[in-house]
Amino acid sequence: MSSATTTATAAPRPQDPMAAQMAKVDDVIRARLSSDVALIEQISHYIIGAGGKRIRPRLVLLFAQALGYEGEHQYELAAIVEFIHTATLLHDDVVDESSLRRGRETANALFGNAASVLVGDFLYSRAFQMMVSVNRMRVLEVLADATNVIAEGEVLQLLNMHDPDIAVEQYLRVIRFKTAKLFEASARLGAVIADASKEVEDACAAYGRSLGTAFQLVDDLLDYEGHTEALGKNVGDDLREGKPTLPLLVAMERGSAEERQLIRHAIEHGEVERLAEIVELVRRTGALDATRDAARLEAQEASACISTLPPSAASRALLELSARSVERSS
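All chains use their own residue numbering, which begins from 1 and follows the written sequence. A pLDDT threshold of at least 70 governs which residues receive local features in this predicted model, and a stricter bar of 80 or more applies before side-chain atom pairs are shown or counted, although totals over entire chains, interfaces and linings include all residues. Side-chain calculation: all heavy atoms of the structure are included, whereas hydrogens and water are not.

**Notes on the overall build of the protein**
Alright, step 1. What the protein contains, in helices and strands, is 17 helices and 2 strands.
Alright, step 2. Here the C-alpha atoms of the protein give a radius of gyration of 20 Å, agreeing with the 20 Å that 2.2 N^0.38 yields for 330 residues.
Alright, step 3. With respect to the three principal axes, the spread of C-alpha positions in the protein is 60 × 50 × 45 Å.
Alright, step 4. In the protein, once contacts between residues fewer than 6 apart in sequence are set aside, the share between residues at least 24 apart is 77%.
Alright, step 5. Using a 1.4 Å probe, accessible areas were evaluated by the Shrake-Rupley method; residue-level cover was limited to the displayed protein chains. Only carbon and sulfur atoms are counted for the fraction: they give 53% of the accessible area of the protein, which is about 15200 Å². Put simply, DSSP marks the helices as runs of H or I at least four residues long and the strands as runs of E at least two long, and each gets a number from the N terminus on. Restricting the calculation to C-alpha atoms gives the radius of gyration, and the globule rule supplies 2.2 Å times the number of residues raised to the power 0.38. Contacts are assigned to residue pairs with any non-hydrogen atoms lying within 4.5 Å of each other.

See below:
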């Protein structure tokens, strides 16, 4: 390999323009994870330290700044939504019996199910302690509503497991509840802390809802298009868990009777033995393209929701975020 090729391959990623602000969020996270119970600190730091895209806290900061807020409460709110998100991950991985997340063993695989569930509860309750410290009733209202809807989404998803006959509308409802609701709340909080009007607050929330839906649609297609190393989770996990996601629903609609039966059987029994055949079928029927097109429409809707925000670095970053959400590969 030539030196020129090596240099091009090793080119560093562009520096995050929000690095300093996200570092402040990390400072709050570290301070608020403090507990006299050693196992709580160990598991909390393990899962938080795994990184991730941190999209939700970023939304809080970007919307607060796009609307002219410069105070410190934005960092507390950003940390709160990351705690809530982390708690849902801990509980999700137990329910789904997942063994890999963000390229590392899941907390339940490492520490056991009981410890993971209880530390998830700790993170939820710590998040609510932090909400009180912000001393804004609207903040409590938004996040109490969000956590309740997320729980409903978890139960809805459980009811849909191993059911190949669910409608696309049912699948999308789970996404709106389980994933998009916290995106929506994060965006709304940025507007709340900036004392925006109800009209602006609702527009920010609509952006978050559409962006969260786009993100989940892409996540679902990557389970059949991606690679374990890039995804940080096992390819085919959704199928193993019996989740009837959009790529499978579209492939069943477009495939032959025999192909539909193959997918139905895999969903009903959570089988991955014929994963390679199903991946080929999902690709050949155009189901991955259809799913990405659906995500692209959601991202475009997100951008349209904030077209009236004043021009700024933050509002431009929000437009870039919605565009990038669809084209990612991990």
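Now that the structure has been shown, we can carry on.
**What to know about helix α9 (residues 168-193)**
Alright, step 1. What a helix is expected to span follows from its residue count: subtract one and scale by 1.5 Å. Across its 26 residues, α9 extends 35 Å between first and last C-alpha, which sits within 8% of the 38 Å expected from 1.5 Å per residue.
Alright, step 2. Bend is the name given here to the angle between axes fitted to two runs of seven residues, the run ending at a residue and the run starting at it. Where α9 bends most, the angle comes to about 55°, and this point is A180.
Alright, step 3. Per-residue accessibility, obtained with a 1.4 Å probe over protein chains only, is compared with the maximum for each type, and a residue is labelled buried under 20%, exposed over 50%, and partly exposed between these values. For α9, the tally of buried residues reaches 20 of 26 residues, placing the bulk of the element in the interior.
Alright, step 4. Within two residues after α9, D195 carries a phi angle of roughly 60°, on the positive side.

**Some words on the pattern of salt bridges**
Alright, step 1. Only one rule defines a salt bridge in this text: a Lys or Arg side-chain nitrogen within 4 Å of an Asp or Glu carboxyl oxygen. Under the criterion given, the structure shown has 28 salt bridges.
Alright, step 2. In this structure, D27 and R30 form a salt bridge, with 2.6 Å as the shortest nitrogen-oxygen distance. Pair noted here: D27 and R30 are both in helix α2 (residues 19-32), with a separation of 3 residues, about one helical turn.
Alright, step 3. Under the relative-accessibility criterion, D27 is labelled partly exposed at 44%.
Alright, step 4. Ionic pairing is found between K198 and D202, a salt bridge with its closest N-O pair at 2.6 Å. Within this pair, K198 and its partner D202 are both found in helix α10 (residues 198-225), separated by 4 residues, close to a single helical turn.
Alright, step 5. Assessed through its relative accessible area of 60%, K198 is described here as exposed.
Alright, step 6. Where salt bridges share partners, they join R138, E141, D145, K181, E184, R188, K198, E201, D202 and R209 into one cluster.

**With respect to the packing of aromatic side chains**
Alright, step 1. Classification of ring pairs rests on two measures: the distance between centres of Phe, Tyr or Trp rings, Trp counted by its six-membered ring, which must be within 6.5 Å, and the angle between planes, read as stacked under 30 degrees, edge-to-face over 60 and tilted in between. The final tally for this structure, using the stated rule, is 3 aromatic pairs.
Alright, step 2. Between Y46 and F111, the ring centres sit 5.8 Å apart and the planes meet at 80°, which makes this aromatic pair edge-to-face. With a gap of 65 residues between them, Y46 in helix α3 (residues 38-49) and F111 in helix α6 (residues 107-111) connect regions that are remote in the sequence.
Alright, step 3. Ring plane angle 35° and centroid distance 5.6 Å describe the contact between F183 and F215, whose orientation is recorded as tilted. Remark: F215 occurs in helix α10 and F183 occurs in helix α9; sequence separation between them is 32 residues.

**Digging into the nonpolar core**
Alright, step 1. Buried Ala, Val, Leu, Ile, Met, Phe, Trp, Tyr and Cys residues that are joined via side-chain atoms within 4.5 Å together make up what is termed a nonpolar core. If you look at the biggest cluster of nonpolar residues, it comprises 65 residues, and the most contacted ones within it are L59, F63, L143, Y207 and L211.
Alright, step 2. Among the elements that line this core, the one with the most residues is helix α5 (residues 73-96), at 10 residues.
Alright, step 3. Among all residues touching L143, those that are not within four sequence positions of it are I80, V81, I84, F128, M131, A185 and L189.
Alright, step 4. In terms of nonpolar packing, the next biggest core, distinct from the first, is built from 31 residues, V250, M252, L262 and L275 among them.

**Observations regarding the state of the cysteines**
Alright, step 1. Disulfide assignment relies on a single distance test, namely cysteine sulfur atoms paired within 2.5 Å. In this structure the tally under the stated criterion is 0 disulfides.
Alright, step 2. Looking at the unpaired C204, the closest cysteine sulfur is the one in C305, lying at 9.3 Å.
Alright, step 3. According to the relative accessible area criterion, C204 is buried, its value standing at 1%.
Alright, step 4. C305 sits in the buried class, given a relative accessible area of 17%.

**Let's talk about the confidence of the model for the protein**
Close inspection of predicted coordinates is inappropriate in any region flagged by low pLDDT.
Alright, step 1. Scored from 0 to 100, pLDDT records how confident the predictor is in each individual residue. Averaged over every residue, the pLDDT of the protein is 89; residues scoring 70 or more account for 92%.
Alright, step 2. A low-confidence stretch, residues 1-13 (pLDDT under 50), is modelled with 1 contact involving residues beyond four sequence positions or located in other chains.

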